Amino acid sequence: MFPANHWHTSSDYQPVAVHCDYVPLSHLASYLSISAQNILAIISFGKDIPGAATLPCPLNKVDTPQLDNTSMVEVWASPGPVSHGEQHGIHYSASDEVFFGSIHIAELGQAPLDVISRKTHRNIFDLLQAKGYPHLIRVWNYLPNINQITNGLERYQLFCLGRHQAFSERNSFSERDLPAASTIGTRDRNFQIYFLAARQAGKQIENPRQVSAFHYPRCYGPRSPSFSRAVLKKWKGEHHLYISGTASIVGHESCHHGSPQEQLRETLCNIESLLERAKHTANVDCGSLCNPSSMKIYIRHAQDFEQIKRALEKRVSHKIPMLYLQGDICRSDLLLEIEAICHMHRY
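Every value quoted in this text rests on a predicted model; they were computed, and no experiment measured them.

Caption draft 1: Helix α2 (residues 113-131), seen in detail. The end-to-end C-alpha distance of α2, which contains 19 residues, comes to 27 Å, matching closely the 27 Å that a straight helix rising 1.5 Å per residue would cover. Residues of α2 that are buried include every one of Leu-113, Asp-114, Ile-116, Ser-117, Thr-120, His-121, Asn-123, Ile-124, Phe-125, Leu-127 and Leu-128, and no others. Of the surrounding elements, those touching the buried residues of α2 are β5 (83-87), β6 (90-94), β7 (98-106), β8 (135-144), α3 (155-169) and β12 (190-198). The first or second residue beyond α2 is Gly-132, which carries a positive phi of 90 degrees.

This is the structure:
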């Protein structure tokens, strides 16, 4: 992982596992000149990617503006050569051990969101099965107007309903085979998903401070969200912990309504709890909250950015790559959400 103020330009740089880098948009061309054949996907946030039409890999422009006056892009790369393709509207890249897919869905004039969600997830599962990467590891969902009420349900609840139906239809469905995930609200017209999958499953990690999302009571919707709190995946000797979007929830209830600083504190307690659980259940050295490999911080209200950033940088090294993005959270009373990737070492 490259720190935000330093990125590799050496042609002999050889990563040993699938990895995610935050690259300044102004330096993307130089980055690609070194490792273009290894690029799985590029994701921008609120910015267009120059020359995007010439790139074969999946490209995503997510309508979650960056809040810290930076123009970074998220680049996923593999240590080996990558092939590209498209099926059922899913653009994908694949190497020997990893599969990265991306899909954009225009809802206008189509079926209800739960039906769209179900069909989209079924197409994803069918593609992964056909290509030989049946295990979802990490999923990112970006959903327009996530808290809007439609037919008596929030759009996030409708999305979860369709996703749950698709998972339930899988022959291999299990509550112990769910990916890490984030679902963030945008003001874009398109609903989009991108995801990381593998030939071999990761290890699901749950948080003892929280009710598992797939066991939420019915007050949060007709079907529980189908994701795990984190997934630990071994890639050719390296262990990566993919921490789902994490917020100020204890048990199943939102905490500290109206207080960004207190919600941040509770969120960090939940991340620390996940790191500790991974350490005890999977025999890996998780490091500490002070030193993750990268973090992405979603903030509902732009005016809360400065106080959240100041408070977070008291707990996490400023050298850690971090993206601060404006986006709506899955519950209207939550003001922020944090996801992270941690590189780990087995004892």
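Caption draft 2: Region of the structure containing the packing of aromatic side chains. Counted according to the given criterion, the structure contains 14 aromatic pairs. Aromatic pair Phe-99 and Tyr-133: ring centres 5.2 Å apart, planes at 45 degrees, arrangement tilted. Of this pair, Phe-99 sits in strand β7 while Tyr-133 sits in the loop between α2 and β8, placing them 34 residues apart in sequence. An aromatic cluster of three or more residues is present, and its members are Trp-76, Phe-100, Trp-140, Tyr-142, Tyr-194 and Tyr-298. The ring of Tyr-133 has Arg-199 lying over it, and the distance from NZ or CZ to the ring centre is 4.1 Å. For the cation-ring pair, Lys-233 lies above Trp-235, with the distance from its terminal atom to the ring centre recorded as 4.8 Å.

Caption draft 3: Spatial organisation of helix α1 (residues 28-35). Looking at α1, one finds that the buried residues are Leu-28, Tyr-31, Leu-32 and Ser-35. Buried residues along α1 cover an arc of 95 degrees about the axis, so they all sit on one side. Away from its buried face by more than 90 degrees, α1 exposes Ala-29 and Ser-33. Packed against the buried residues of α1 are β1 (19-24), β2 (39-45) and β4 (72-77).

Caption draft 4: Spatial organisation of the nonpolar core. In terms of nonpolar packing, the biggest core is built from 67 residues, with Trp-76, Phe-99, Phe-195 and Tyr-242 touching the most fellow members. By residue number, the principal contributor to this core is β12, which donates seven residues. With sequence-adjacent residues up to four places away left out, Phe-195 is seen in contact with Ile-90, Phe-99, Phe-100, Gly-101, Ser-102, Ile-124, Leu-128, Leu-136, Arg-138, Val-139 and Trp-140. Of all hydrophobic cores here, the second largest spans 31 residues; its members include Ala-230, Ile-243, Ile-297 and Cys-342.

Caption draft 5: Fine view of the pairing of β8. Taken across its ten residues, β8 has nine buried, putting it largely inside the fold. Strand direction decides the pairing type here: β8 and β12, joined by seven bridges, are antiparallel. Residue pairing in the sheet places Asn-141 in a bridge with Ile-193 of β12. Two strands pair when backbone bridges link them, and β8 and strand β11 (residues 180-186) are joined in this way by seven bridges, in the parallel orientation. Directly across from Pro-144, in β11, lies its bridge partner Thr-186.

Caption draft 6: Expanded view of the sheet that holds β2. Pairing in this open sheet of four strands is mixed, and the strands run β1-β4-β2-β3 from one edge to the other. One side of each edge strand has no neighbouring strand; the edge strands of this open sheet are β1 and β3 (59-62). Ignoring strand direction, the axes of neighbouring strands in this sheet form an average angle of 20 degrees. Strand direction decides the pairing type here: β1 and β4, joined by six bridges, are antiparallel. If you follow His-19 over to β4, its bridge partner there is Ala-77.

Caption draft 7: Highlighting the side chain of Thr-183. Within the secondary structure layout, Thr-183 lies in strand β11. Judged by relative accessible area, which is 6%, Thr-183 ranks as buried. A polar side-chain atom of Thr-183 sits 3.1 Å from a polar atom in the side chain of Asn-141. Filtering out sequence-adjacent residues up to four positions away, Thr-183 remains in contact with Asn-141, Leu-143, Ile-146, Tyr-156, Phe-159, Arg-163, Cys-330 and Glu-337.

What counts, and at which threshold
- Residues numbered from 1 in each chain as written.
- Predicted model: local features only at pLDDT ≥ 70, side-chain atom pairs only at ≥ 80, totals over all residues.
- Heavy atoms only, no water.
- Helix = DSSP H or I, 4+ residues; strand = E, 2+ residues; numbered from the N terminus.
- Expected span 1.5 Å × (residues − 1).
- Buried < 20%, exposed > 50% of the residue type's maximum accessible area, 1.4 Å probe, protein only.
- Contact = heavy atoms within 4.5 Å.
- Phe/Tyr/Trp six-rings, centres within 6.5 Å; stacked < 30°, edge-to-face > 60°.
- Lys NZ or Arg CZ within 6 Å of the ring centre and 35° of its normal.
- Arc of directions from axis to C-beta.
- Core = buried A, V, L, I, M, F, W, Y, C linked by side-chain atoms within 4.5 Å.
- Pairing = 2+ DSSP bridges.
- Axes fitted to C-alpha atoms, helices over the stretch in contact; angles between N-to-C directions.
- Polar contact = N/O pair within 3.5 Å; in protein donor to acceptor, adjacent residues only side chain to side chain.

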